[in-house]
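Observations on the three-dimensional arrangement
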Amino acid sequence: MKERNSDLETLGHRIRHFRGQRGLTLDQLGERLNLAGSQLSLIENGKREARVGTLQAIASALDIDLATLLSGEAPNARAALEIELARAQKSPLYAALGLPQVKPTRGMSAESLEAMVGLHRELARRASEAIATPEEARRANTELRERMRARNNYMPEIEALAEERVRASGHVSGALTHREVSVMAEQLGFSLLYVNDLPSSTRSVTDLANGRIYLPPASIPGGHGLRSMALQAMAHRLLGHERPASYAEFLWQRLEINYYAACCLMPREASVSFLQTAKKERRLAIEDFRDAFGVTHEAAALRFTNLATEHLDMRLHFLRVNGDGALQKGYENDDLPLPTDVTGSIEGQFVCKQWSARSAFTHTNRTTEFYQYTDTPAGTFWCATQTGNAQSPSGRAGEFSISVGVPFAQAKWFRGRETTNRAESRCPDESCCRRAPSGLASRWSGQAWPSARLHAHVLSPLPSGTFPGVDDAEVYEFLESHQREA
Ligand SMILES: [Zn+2]
């Protein structure tokens, strides 16, 4: 109904436009159609629908064909503004304000009209921005995790697509090279350009008009990050992504492009065969998988979660934990009790101090993975944890650990199963590690006055340009300047 009304609006403007061009008054045109001028006026104002026969008569009286009359385009810039204003005033958003409907008259200046339409646009933009509140973002993130858990973190369609694209690049085995990634881009009609002035709100920018993907310069020559970013940019095109309409869709698209890039860097067939051999020989290790495919430890660990349940018949969990113990990312389908807040969100929650994800920080030898068995209320788990340092000048805040773990019965397939490290975790029972031992508590209670440090939010609402979190002007200026160079 709304659609039809706005079509009537445009049609009315077109009739008025062509009538004006012919120099006819309402009554003069009405006379030729055997229609009262007042009836015609209702049609021009979008208040009455005309029969096809009448429209045909109007078109021939105005000396244009019917298709021209019915085109969905506003006949001129002024009419476009008037149509937009009429639509905006009919929106529920405007109705909720209880303000009067303003009918643009011929005497209304272009400035007034532009100002009103501009305010309506800003009203709509702010309303859509308000959707991504932190609560909304956290909820969307939790739903996403549950959705992926239900499918064992596995997306066969994207696996197949990536395998096909990687094969088409001429790649045979081992790590995917930068050259092969460039070929994959060329096959999609894009060239890869590394620039120093990428807008700070973006990871990459794709110029659809000129077939270019702009990427940041390599900070580490040969690092896997660039291949991954280029593949992610291509994935948006290959997966037919449209501008995300909600925060949930934005997150889903991000997940899909990350998944695609991981599938290209660690293709299914090669990865599964590598992992199955290691499993058969009882020497599975994320660090070997990482080294075989030239990716980061985190990328290898996450990729392992995609393939383990589907292809290795194994349930498992993955954790990325900050130096302070807060969970940054997590996945489980082995029932490891992840800490959650009341909304079910895990990000920013502190994991048990007894878990290897935290105890690994206290071990001095960090060149290899740290192994540990942990008894929990949900059973015993075996975990392998690798610690690392994000390049951040803020010391301990830059530390993180990556853990992959499995239920006790599955430990036999992994290197490190013979470890004697063992811990007991009673979390979420607070006496496990959240409450001070009673001796200490009675000694210090009332004697300590700590000043709290504020935690940065893991998820914060995104400022919204045309794309969430991205400054449009910056992106457009960037593209302009590079267009001139070429
Ligand atoms: Zn605990």
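Higher on the page you've got the structure.
What counts and what doesn't
- Residues numbered from 1 in each chain as written.
- Predicted model: local features only at pLDDT ≥ 70, side-chain atom pairs only at ≥ 80, totals over all residues.
- Heavy atoms only, no water.
- Axes fitted to C-alpha atoms, helices over the stretch in contact; angles between N-to-C directions.
- Helix = DSSP H or I, 4+ residues; strand = E, 2+ residues; numbered from the N terminus.
- Parallel < 35°, antiparallel > 145°, perpendicular 65-115°, else oblique.
- Left-handed = near helix turned anticlockwise from the far one by under 90°.
- Contact = heavy atoms within 4.5 Å.
- Nonpolar A, V, L, I, M, F, W, Y, C, P; charged D, E, K, R; others polar.
- Core = buried A, V, L, I, M, F, W, Y, C linked by side-chain atoms within 4.5 Å.
- Buried < 20%, exposed > 50% of the residue type's maximum accessible area, 1.4 Å probe, protein only.
- Pairing = 2+ DSSP bridges.

1. Quick notes on the packing of helix H14 (residues 268-280) against helix H15 (residues 286-293)
Running from amino to carboxyl end, H14 crosses H15 at an angle of 140°, the nearest separation of the two axes being 11 Å. In terms of axis orientation, H14 runs oblique to H15. As for how H14 packs across H15, the hand of that crossing is right-handed. Touching Ala270, Ser271, Phe274 and Leu275 of H14 are Asp288, Phe289, Ala292 and Phe293, all from H15. Among the residues making up the contact of H14 with H15, the classes are represented as six nonpolar, one polar and one charged.

2. Thoughts on the nonpolar core
Counting residues in hydrophobic clusters, the biggest one holds 68 residues, and the most contacted among them are Leu231, Tyr260, Phe304 and Met314. The greatest single-element share of this core, amounting to 13 residues, is contributed by helix H13 (residues 247-265). In this view, Met314 contacts Lys279, Leu284, Phe304, Ala308, Thr309, Val406, Gln410, Trp413 and Phe414; residues no more than four positions away in its chain are not counted. By size, the runner-up hydrophobic cluster in this structure holds 16 residues, among which are Leu40, Ala50, Leu55 and Leu62.

3. Digging into the sheet that holds strand S2 (residues 205-207)
Within the open sheet, the three strands sit side by side as S1-S3-S2. Their pairing is mixed. The two strands at the open ends of the sheet, each matched to only one other strand, are strand S1 (191-194) and S2. Taken over all neighbouring pairs, the strand axes of this sheet differ in orientation by 25° on average, direction set aside. Pairing analysis gives four bridges linking S1 to strand S3 (residues 212-215), with the strands arranged parallel. Opposite Leu192, over in S3, you have Ile213 as the bridge partner.

4. Observations regarding the packing of helix H10 (residues 156-168) against H13
Contact geometry of H10 with H13 gives a least axis separation of 9 Å together with a crossing angle of 45°. By the angle class used here, H10 and H13 are oblique. Judged by the twist between their axes, the crossing of H10 over H13 is right-handed. Note on element contacts: H13 touches H10 through Glu256, Tyr259, Tyr260, Cys263 and Cys264, opposite Ile158, Glu159, Leu161, Ala162, Arg165 and Val166. In the contact of H10 with H13, the residues fall into eight nonpolar, no polar and three charged.

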